[in-house]
Each structure stands twice: as C-alpha cells, then as structure tokens.
Amino acid sequence: MQRKTKIIESIDGEIFDIELSEDLLKKNKEIARENKKLLEKHNILGIDIMGAIGAGKTTLITKIVSILSKKYKIAVLCGDLTTTLDADIIKSAGAEVIQINTGKECHLDANLVRKALKELSLNKIDLLIIENVGNLICPGEFVLGTHKRMVVVSVTEGPFMVVKHPYIFMEADVGVINKIELKDVMDVEPKKLQSAMKKIKPGIKVFETSARKNIGVEILATFISKLLK
Ligand code: MG
Ligand code: ZN
C-alpha cells in the first residue's frame, strides 16, 4: 500500500521570507551551496531535471528510477504548482518521493529544496533527483545545489525549442531529446536539436530517448550510475 505523499507548500514567494533586503538570486545561490554541502556530507549525487510541461520529465524519471533502484536508494523531489500526479507515478517505480507544491511560483528554489531535504533520511540515499516545475525559463536561474542539471525537451515541442531557450541550456550539463519515436510525425530532426544544444553549451552531454517506448533510457541510466561511483 502506498503511503500518503508528503507535500511542501511555497508560502508566497518563499525565498523572500528569509531575507527581504538581499538580492534574491544571490541568496538563492548561498542556500544552494549549503544544499550541495549537505548532499556531499551524505555522499548523495543530486540531479536537477528541467523542461517544459509535457516534455516527459516524469516518465523519464520513472524509467530511470525503475532501472537504478535495483542498485541504489533514490529519492525524488517533485516540483509542481498544485498537483501530486507526478509524485504518485514516480513513487510506484521505487523511489522515496516528496512533493513540493510551489503554488504560483513557476520554478523551485534552493530554500524549498532545503526544506524538503529535512524530510528525508539522507544517510540512506545515494541519488537525489529533483523534477523541477515544467517551465523552460526561470528554473535555469535558480540553482538548487545539485551536481548536475539536465534539460529535457521533446520533439513534439517543435524544431525551435532549443534555440528559443538558450539560457536554460547554458545552465545545463546534460540535454535529453525525448519522444524520438515521434520525430517523423513531427518532422523534427533530433540531430539538429543536438547541434543546437551543443552550439549553446559546447560541453553538454546529449542523449536521445523515448521514455515511453524505453529507447535510450538504459544508456542514460548507465551514464547516471557512472556518476554515482
Ligand atoms: Mg512532470
Ligand atoms: Zn519561475
């Protein structure tokens, strides 16, 4: 039987509550640094997964969790405005899940993550995956304290999704082009999306997947498991 999902709610622009006078992003960075230290103290790898609504973040995370949970203890923080839909799906794949409901905020911030980390038994976790709120704009600006940042786009978002959102790719270490089974229907070339990503962020590592059809997910999971060693 599944336990009830824990929910952390944002109180009207969470981060403002901490320090009214300080620059928002600067304060966010400071807390992110503390989050990272906390993760490292417990030997946890943190990955922040960003992407638009419908890119397939939840399905991809669910598949990664089902592969890696055979060997590692995984916790997932699920950022969403109001629902627990994603959290419930991911939990069924074998991860401990905490929902972070942001209300009107269209991104997670380091303070919300810090609160959520307090709810986890950190010494029992190897991998922390954070599903950011579905949005390709400001999540990039708000670092959370993870070691890697991943952006998921799907071919259904059209051929210009990458070039129109350069800032989030500048922040990314990993790019995933998802739903490749639909490339012909959409008339979108994954290779072109790949080169657009690499033009914005030369060092980016790119994967092509279909989370739904289980294409390329094993390769991505292997990449993550190598970071865990
Ligand atoms: Mg989702
Ligand atoms: Zn936002």
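Okay, so let's go over this structure. (Residues numbered from 1 in each chain as written. Chains lettered and ligands numbered in written order. Predicted model: local features only at pLDDT ≥ 70, side-chain atom pairs only at ≥ 80, totals over all residues. Heavy atoms only, no water.)

Ideal geometry at a metal gives 109.5 degrees between four tetrahedral donors and either 90 or 180 degrees between six octahedral ones. In the first shell of the magnesium ion (ligand 1), the protein supplies Thr58 (OG1), Asp86 (OD) and Glu131 (OE), at 2.1 to 2.2 Å from the metal. Sequence positions of the residues that donate to the magnesium ion (ligand 1) give the spacing T-x27-D-x44-E. Within this pair, whereas Asp86 is found in helix α3 (residues 85–91), its partner Glu131 is found in strand β5 (residues 127–131), the two being separated by 45 residues in sequence. Of the two residues examined, Asp86 and Glu131, each falls in the buried class. (Donors = N, O, S within 2.8 Å, 3.2 Å for Na, K, Ca; no water. Helix = DSSP H or I, 4+ residues; strand = E, 2+ residues; numbered from the N terminus. Buried < 20%, exposed > 50% of the residue type's maximum accessible area, 1.4 Å probe, protein only.)

Within the structure shown, the criterion is met by zero disulfides. Not part of a disulfide, Cys78 finds its nearest cysteine sulfur in Cys106, a span of 17 Å. Classification of Cys78 by relative accessible area gives buried; the value is 1%. (Disulfide = S-S within 2.5 Å.)

Counted by the stated rule, this structure contains seven salt bridges. Across the pair Lys27 and Glu30 runs a salt bridge whose closest N-O atoms are separated by 3.6 Å. Linking Lys27 with Glu30, this pair stays in helix α1 (residues 24–41), spanning three residues, or about one helical turn. Judged by its relative accessible area of 15%, Lys27 falls in the buried class. Between Arg114 and Glu34 there is a salt bridge, with the nearest N and O atoms lying 2.9 Å from each other. Here Glu34 lies in helix α1 and Arg114 lies in helix α4 (residues 110–117), a separation of 80 residues in the sequence. What you see here is one network of salt bridges that share partners, running through Asp48, Arg149 and Glu171. (Salt bridge = Lys/Arg side-chain N within 4 Å of Asp/Glu carboxyl O.)

Moving on: the pairing of strand β4 (residues 96–101). In terms of residue burial, β4 counts as a mostly covered element, since five of its six residues are buried. One ladder, built from four bridges, connects strand β1 (residues 6–9) with β4; its direction is parallel. Note that in β4 the partner of Glu9 across the bridge is Asn101. Pairing of strand β3 (residues 74–80) with β4, which is carried by six bridges, proceeds in the parallel orientation. Looking at the pairing, Asp80 lines up with Asn101 of β4. (Pairing = 2+ DSSP bridges.)

Axes are the key here: two packed helices are described by the angle between their axes and the distance separating the axes. It is the contact of α1 with α4, at a shortest axis distance of 8 Å, that shows an interaxial angle of 30°. Accordingly, the angle class assigned to the pair α1 and α4 is roughly parallel. Crossing of α1 against α4: the hand is left-handed. Along its contact with α1, which presents Asn28, Ile31, Ala32, Glu34, Asn35, Leu38 and Leu39, the element α4 presents Ala110, Asn111, Val113, Arg114 and Leu117. Residue composition of the contact of α1 with α4, grouped by class: seven nonpolar, three polar and two charged. (Axes fitted to C-alpha atoms, helices over the stretch in contact; angles between N-to-C directions. Parallel < 35°, antiparallel > 145°, perpendicular 65-115°, else oblique. Left-handed = near helix turned anticlockwise from the far one by under 90°. Contact = heavy atoms within 4.5 Å. Nonpolar A, V, L, I, M, F, W, Y, C, P; charged D, E, K, R; others polar.)

Bringing the coordination of the zinc ion (ligand 2) into the picture now. For the zinc ion (ligand 2), the full set of protein donor atoms is Cys106 (SG), His107 (ND1) and Cys138 (SG), and the range of their distances to it is 1.9 to 2.2 Å. Mapped onto the polypeptide sequence, the residues donating to the zinc ion (ligand 2) form the spacing pattern C-H-x30-C. One end of the pair, His107, is in the loop between β4 and α4; the other, Cys138, is in the loop between β5 and β6 (148–154), with 31 residues separating them in the sequence. Residue His107 shares its accessibility class with Cys138, and that shared class is buried.

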